[in-house]
Amino acid sequence: MSRFAEPLSDDGQDGGQGTTPHALTTAQRRRPVGGVIRRGAVVGVVAGLVMGAGASADAASGTALSDPVVSGVTVNSGHDVIVGITHDVSFPVTVTGSDDSGLLSADVDLKGPHGGFYTTDAMCENGTACTMVFTVNAHPASGSDDPVDLANANAGTWSADTLVDANDGGSVFAPNVASFGLKRAAQLTVNAAPEPVAKGAWITVTGKLVRANWDTYRYAGYAGRAVKLQFRPKGSSTYTTVATVTTSNTGTLSTKVKAVRDGYWRWNFAGTTTTGPAKAAGDYVDVRP
């Protein structure tokens, strides 16, 4: 289970008031995993001090103890992590690498804007990969006083550090080996009217873009965002962009288009660095001669 730091008050990012989790000290973050003692080698630095008197066992065979190599870290299978206001969100983080003796375990720290921080560890499932699961939330636990993990200020680009142990006792620390987006969930609605409508008449297409507010545990209108109006003809599987409309200060959308043929209308929002994408379900309009 991932751990998080209890938040402090701070100004919110991208609207609203946010909170800032405490950053943990190096001593708190660098703890033994599975009884292994950390040697704390940093990627790219040769740990020459392990040779000498303590190297006699390896000297007989003419080989030196090597530190493990981290080849990559993959967060949520390469996708953004998008969090709403009602459910915990769990996602995998996989560390891959190699060592002559095989990988034993890995720590992963996830670091985000305004002091966002999660940490967890896992034993490796094989000699080249270690997978762990992080769980985050932006809502109070039902019937409890548990702190909320995320605030609006924590949304954005996060990075990952990892500390990997090998079966022979070697270890290596790899900072900033991956990045990912931890974003606020968005939702879109659409309504095209009137329906049915005469061919060549005007249709008014309305809707609203909202996103999760991690400070108030509600969805609220997302102002000043460009949203595409798209149309899919009856019998087709492809949407085409017809217009781009900017949301009002309450997140609403409205525009007029001419009715040409039967089909589906929807709004499509691409997302931002702090907010996930959203698409409305298509609203069918019957166009009559």
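Whatever comes next refers back to the structure up there.
As the structure is a prediction and not an experimental result, all values here were calculated from the model.

> Account for the environment of Asp-165, naming residues and giving values.
Here Asp-165 lies in strand 10 (residues 156-166). Note on Asp-165: relative accessible area 0%, which makes it buried. Expressed as a C-alpha distance, the spacing of Asp-165 and Pro-68, which sit 97 residues apart in the sequence, is 7.2 Å.

> Please provide a residue-by-residue account of the sheet that holds strand 6 (residues 89-98), values included.
A sheet is described by the order of its strands in space; here three strands give the open sequence 4-6-9, paired in antiparallel fashion. At either margin of the open sheet sits one strand with a lone partner, and together these are strand 4 (69-75) and strand 9 (129-136). This sheet shows a mean twist of 20° between the axes of neighbouring strands, independent of strand direction.

> Talk me through the nonpolar core; I want residue IDs and the actual numbers.
Val-83, Val-95, Leu-110, Met-132, Leu-150 and Trp-214 are the most contacted members of the largest nonpolar core, which has 34 residues in total. The element contributing the most residues to this core is strand 11 (residues 171-184), with five residues. In terms of nonpolar packing, the next biggest core, distinct from the first, is built from 23 residues, Ala-186, Leu-209, Tyr-222 and Trp-265 among them.

> Run through the packing of aromatic side chains, naming residues and quoting values.
Scanning all chains against the criterion turns up seven aromatic pairs. Ring geometry for Phe-91 versus Phe-134: centroids 6.0 Å apart, planes at 15°, classification stacked. Of this pair, Phe-91 sits in strand 6 while Phe-134 sits in strand 9, and the two are 43 residues apart along the sequence. A relative accessible area of 3% means that Phe-91 is categorised as buried.

> Please set out the environment of Thr-255 residue by residue, giving values where relevant.
For Thr-255, the location among the structural elements is in strand 18 (residues 252-258). C-alpha separation for the pair Thr-255 and Thr-206, spaced 49 residues apart in sequence, amounts to 6.6 Å.

> Any details on the pattern of salt bridges? Residues and values, ideally.
On inspection of all chains with the given rule, the structure shows three salt bridges. Linking Asp-80 and Lys-183 is a salt bridge whose minimum nitrogen-to-oxygen distance equals 3.0 Å. Taken together, the residues Asp-80 in the loop between strand 4 and strand 5 (81-83) and Lys-183 in strand 11 connect sequence positions 103 residues apart. A salt bridge links Asp-286 to Arg-288, with the nearest nitrogen and oxygen atoms 3.1 Å apart.

Scoring rules and cut-offs
Residues numbered from 1 in each chain as written. Predicted model: local features only at pLDDT ≥ 70, side-chain atom pairs only at ≥ 80, totals over all residues. Heavy atoms only, no water. Helix = DSSP H or I, 4+ residues; strand = E, 2+ residues; numbered from the N terminus. Buried < 20%, exposed > 50% of the residue type's maximum accessible area, 1.4 Å probe, protein only. Pairing = 2+ DSSP bridges. Axes fitted to C-alpha atoms, helices over the stretch in contact; angles between N-to-C directions. Core = buried A, V, L, I, M, F, W, Y, C linked by side-chain atoms within 4.5 Å. Phe/Tyr/Trp six-rings, centres within 6.5 Å; stacked < 30°, edge-to-face > 60°. Salt bridge = Lys/Arg side-chain N within 4 Å of Asp/Glu carboxyl O.

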